[in-house]
Amino acid sequence: MIKTIKVMLCPNQKQKTKLFECAGTARFIYNWVLDYEQINYDCDKGFINDYELRKRLTELKQTHEKFMWLNNYSNNIAKQAVI
């Protein structure tokens with residue numbers, strides 16, 4: 001028999017804020033990838049693999065000051081949003 005334990009997590013305000021920031025970051029990256037894929041597909045270049053998309057995202061974070069805020073968040077968020 002497998003025992004289960006039910007636990008209720010009650011995050012504090014700082015944790016809630018961080019959670020929503022990470023979710024917003026993932027949503028931004030997901031939408032950016034969709035837009036990038038759509039533009040690439042419309043130019044008859046086909047689809048781009050995950051590695052290439054993450055490479056482009058890294059270039060975007062390093063070269064454009066507008067997107068420097070992405071450096072404040074883990075790359076795992078970007079990786080999960082791209083996959």
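Whatever comes next refers back to the structure up there.
Let me begin by describing the structure that accompanies this report.

The rules we used
Residues numbered from 1 in each chain as written. Predicted model: local features only at pLDDT ≥ 70, side-chain atom pairs only at ≥ 80, totals over all residues. Heavy atoms only, no water. Patch = residues over 30% accessible without salt bridge, like charges linked within 9 Å, V, L, I, M, F, W, Y side chains within 5 Å. Areas by Shrake-Rupley, 256 points an atom, 1.4 Å probe, with all protein chains shown as cover. Salt bridge = Lys/Arg side-chain N within 4 Å of Asp/Glu carboxyl O. Helix = DSSP H or I, 4+ residues; strand = E, 2+ residues; numbered from the N terminus. Core = buried A, V, L, I, M, F, W, Y, C linked by side-chain atoms within 4.5 Å. Buried < 20%, exposed > 50% of the residue type's maximum accessible area, 1.4 Å probe, protein only. Contact = heavy atoms within 4.5 Å. Phe/Tyr/Trp six-rings, centres within 6.5 Å; stacked < 30°, edge-to-face > 60°. Expected span 1.5 Å × (residues − 1). Polar contact = N/O pair within 3.5 Å; in protein donor to acceptor, adjacent residues only side chain to side chain.

A surface patch of nonpolar side chains, about 400 Å² in accessible area, is lined by Ile5, Val7 and Leu9. For Ile5, the position within the fold is in the segment before helix H1 (13-42).

So, about the nonpolar core. Counting 12 residues, the largest nonpolar core is built from Ile29, Trp32, Val33, Ile48, Leu53, Leu57, Leu60, Phe67, Leu70, Ala78, Ala81 and Val82. Looking at this core, the elements with two or more residues in it are H1, helix H2 (50-63) and helix H3 (75-82). Beyond its immediate chain neighbours, meaning those up to four positions away, Ala78 contacts Ile29 and Leu57.

What follows is about the packing of aromatic side chains. With the rule as written, the count across this model stands at four aromatic pairs. Between the aromatic rings of Trp32 and Tyr36, the centroid separation amounts to 5.2 Å while the plane-to-plane angle is 20 degrees, which identifies the pairing as stacked. Placement of both Trp32 and Tyr36 in helix H1 is noted, with a separation of four residues, approximately one turn of the helix. Exposure remark for Trp32: the relative accessible area of 17% places this residue in the buried category.

This part is about the pattern of salt bridges. Counted under the stated rule, the structure contains two salt bridges. Here Glu52 and Arg56 are joined by a salt bridge, their closest N and O atoms 3.1 Å apart. On the criterion of helical spacing, the pair formed by Glu52 and Arg56 is a turn pair, its members being four residues apart in helix H2. Among the salt bridges present, the one from Arg56 reaches Glu59, with a minimum N-O distance of 3.7 Å. Of the two residues, Arg56 and Glu59 are both situated in helix H2; the distance of three residues between them amounts to about one turn of the helix. By relative accessible area, Arg56 is classed as partly exposed at 29%. Among the charged side chains, a network of salt bridges with common partners joins Glu52, Arg56 and Glu59.

In this section: the side chain of Asn40. Tracing the chain through its elements places Asn40 in helix H1. Apart from the residues within four sequence positions on either side, Asn40 is in contact with Lys45, Gly46, Phe47 and Ile48.

Its 30 residues give H1 an end-to-end C-alpha distance of 43 Å, which sits within 8% of 44 Å, the value for a rise of 1.5 Å per residue. Buried residues of H1: Thr25, Ile29, Trp32, Val33, Glu37 and Asn40, and no others. Against H2 and H3 lie the buried residues of H1. Of the residues flanking the start of H1, the one acting as N-cap is Asn12, its side-chain oxygen 3.2 Å from the backbone nitrogen of Lys14. Trailing H1 by a residue or two, Asp44 shows a phi angle of about 60 degrees, which is positive.

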